[in-house]
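Inside the fold
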Amino acid sequence: MKLQPALIALAACAAISAQAAEFRSADIHNADDYPTVAAVKYMSELLEKKSGGKHKIKVFNKGALGTEKETIDQVKIGALEMTRVNISPMNAICQKTQVPTMPFLFGSVEHMRKSLDGPIGEEILKSCEDQGFIGLAFYDSGARSLYAKKPIKTVADVKGQKVRVQQSELWVALIGAMGGNATPMPFGEVYTGLKTGLIDAAENNIPSFESTKHYESAKYYSRTEHSMAPEMLLMSKVVWDKLPKAEQDMVRAAAKESVAFQRKKWDEQEAKSLAAVKAGGAEIAEVDKKSFQAVMGPVYDKFMTTPDLKRLVKSIQDSK
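Report follows, based on the coordinates. (Residues numbered from 1 in each chain as written. Predicted model: local features only at pLDDT ≥ 70, side-chain atom pairs only at ≥ 80, totals over all residues. Heavy atoms only, no water.)

Under the definition given, this model contains one disulfide. Sulfur-sulfur distance for the disulfide between cysteine 94 and cysteine 128 comes to 2.2 Å. Of note, the bridge from cysteine 94 to cysteine 128 carries an S-S torsion of about 75° and is right-handed in sense. Of this pair, cysteine 94 sits in the loop between β3 (82–86) and α3 (109–117) while cysteine 128 sits in the loop between α4 (119–126) and β4 (133–139); the two residues are 34 residues apart in sequence, bridging distant segments of the chain. (Disulfide = S-S within 2.5 Å. Helix = DSSP H or I, 4+ residues; strand = E, 2+ residues; numbered from the N terminus.)

The next thing to look at is the environment of aspartate 140. Along the polypeptide, aspartate 140 turns up in the loop between β4 and β5 (144–148). Classification of aspartate 140 by relative accessible area gives buried; the value is 3%. If sequence neighbours within four positions are ignored, aspartate 140 has contacts with Val109, Met112, Arg113, Glu231, Gln262, Arg263 and Trp266. In terms of polar contacts, aspartate 140 uses its side chain to reach the side chain of arginine 113, at 2.6 Å. A distance of 3.3 Å separates a polar atom in the side chain of aspartate 140 from a polar atom in the side chain of arginine 263. (Buried < 20%, exposed > 50% of the residue type's maximum accessible area, 1.4 Å probe, protein only. Contact = heavy atoms within 4.5 Å. Polar contact = N/O pair within 3.5 Å; in protein donor to acceptor, adjacent residues only side chain to side chain.)

Counted according to the given criterion, the structure contains 26 salt bridges. Across the pair aspartate 27 and arginine 84 runs a salt bridge whose closest N-O atoms are separated by 2.9 Å. Of the two residues, aspartate 27 sits in the loop between β1 (21–26) and α1 (35–50) while arginine 84 sits in strand β3, which places them 57 residues apart along the sequence. Each of Arg113, Asp117, Asp140, Arg263 and Asp267 takes part in a single network of salt bridges with overlapping partners. (Salt bridge = Lys/Arg side-chain N within 4 Å of Asp/Glu carboxyl O.)

Turning next to α1. In this model, α1 (16 residues) spans 22 Å end to end at C-alpha, consistent with the 22 Å of a helix rising 1.5 Å per residue. Looking only at α1, the buried set comprises Pro35, Thr36, Val37, Ala38, Ala39, Val40, Met43, Ser44, Leu46 and Leu47. Tucked into the core, α1 has its buried residues touching β1, β2 (55–60), β3, β4, β10 (231–236) and α9 (245–279). Directly beyond the C-terminal end of α1, a positive phi value near 60° is found at glycine 52. (Expected span 1.5 Å × (residues − 1).)

The next subject is the pairing of β3. Across the five residues that make up β3, a large majority, five, are buried. Examined bridge by bridge, β1 and β3 share two bridges and lie parallel to one another. If you follow serine 25 over to β3, its bridge partner there is methionine 82. Bridge count between β3 and β10: five bridges; the pairing is antiparallel. In the strand pairing of β10, methionine 82 is matched with methionine 235. (Pairing = 2+ DSSP bridges.)

On to the nonpolar core, then. Ranked by internal contacts, the top residues of the largest apolar core, which has 52 residues, are Met90, Val99, Met178 and Phe292. Per-element tally for this core: the top contributor is helix α5 (residues 169–178), with six residues. Setting aside anything within four residues of it in sequence, one finds methionine 90 in contact with Ile72, Val85, Thr97, Cys128, Phe133, Met232 and Leu234. Listed in part, the 26 residues of the second largest apolar core include Ala21, Met235, Ala254 and Trp266. (Core = buried A, V, L, I, M, F, W, Y, C linked by side-chain atoms within 4.5 Å.)

Time to look at the packing of α1 against α9. Packing of α1 against α9 brings their axes to within 8 Å, and their N-to-C directions diverge by 145°. The crossing of α1 and α9 is right-handed. Together, Pro35, Thr36, Ala38, Ala39, Tyr42, Met43, Leu46, Leu47 and Lys50 of α1 and Met250, Val251, Ala253, Ala254, Ala255, Glu257, Ser258, Phe261, Gln262, Lys265, Trp266 and Gln269 of α9 make up the contact between the two elements. (Axes fitted to C-alpha atoms, helices over the stretch in contact; angles between N-to-C directions. Left-handed = near helix turned anticlockwise from the far one by under 90°.)

This part takes up the side chain of serine 88. Its location among the elements puts serine 88 in the loop between β3 and α3. If we skip the residues at most four places from it in the chain, serine 88 touches Gln166 and Trp171.

Nothing here speaks to function; it is all geometry.
Okay, structure coming up:
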């Protein structure tokens with residue numbers, strides 16, 4: 001019988017500070033060894049050691065506790081202790097999370113990691129507290145690039161292409177700025193969309209390109225690396241506030257320590273997936289990134305509208 005997400009064990013966190021707790025953490029990825037799933041399991045091992053066996057985490061992946069949006073809603077009210085989500089669904093909840101999603105913001109993976117590990121990343125995580133979320137850590141989600149049935153080398157090659165995007169205003173604006181026809185579509189429909197010609201192209205990271213076998217219908221993967229938007233690990237503030245300060249510190253420390261583990265797993269997964277798509281016939285194309293960056297002004301003008309957001313963007317750009 002399917003679980004009703006909003007009804008999950010509210011009583012479980014009623015007196016969490018007074019007793020041992022097994023925090024539940026949600027993830028939508030199917031593979032038990034997917035980098036984010038493995039990282040939260042590793043965090044559980046660390047937390048168990050730090051708390052002398054008092055606290056641990058049980059990961060419910062494969063969407064067992066609902067979609068990312070449903071688990072965010074559950075965490076907000078304290079019906080679920082933790083969730084790992086892509087940063088995009090949080091953009092409408094805490095405004096500063098829009099910053100790391102902006103196109104071509106980070107010059108490299110190293111630049112992204114340095115920015116999110118420092119004061120800028122901490123400020124963005126902390127900005128979610130007022131909305132009921134404790135931002136514990138950022139995890140890598142790779143660089144997203146365009147893939148299509150023909151090579152895309154410059155921004156001119158995107159003109160008129162029907163490009164699948166996530167169902168989000170930012171992604172529609174991003175592809176529109178490139179001259180493409182943004183086509184919002186659930187991720188599960190992309191394979192058929194490419195196969196039937198409903199769409200010409202899509203965008204994602206290499207592990208997703210490989211695991212979905214999208215390379216069978218769109219073999220040209222063009223390294224635009226237009227987004228390095230991270231994943232977020234969130235804890236319910238309702239649950240957090242019931243923990244003594246020392247235990248809060250343990251949870252936060254275990255989360256931070258799990259980041260390096262997740263990144264190592266991610267880098268390994270990316271290398272493995274890249275080899276697999278090449279073996280499957282995919283062609284990896286380098287692009288003229290400057291031609292893409294040159295048309296992104298309107299996207300920044302539309303979304304980075306407050307002095308705070310502009311300050312964060314400038315701080316990241318200046319740290320390259």
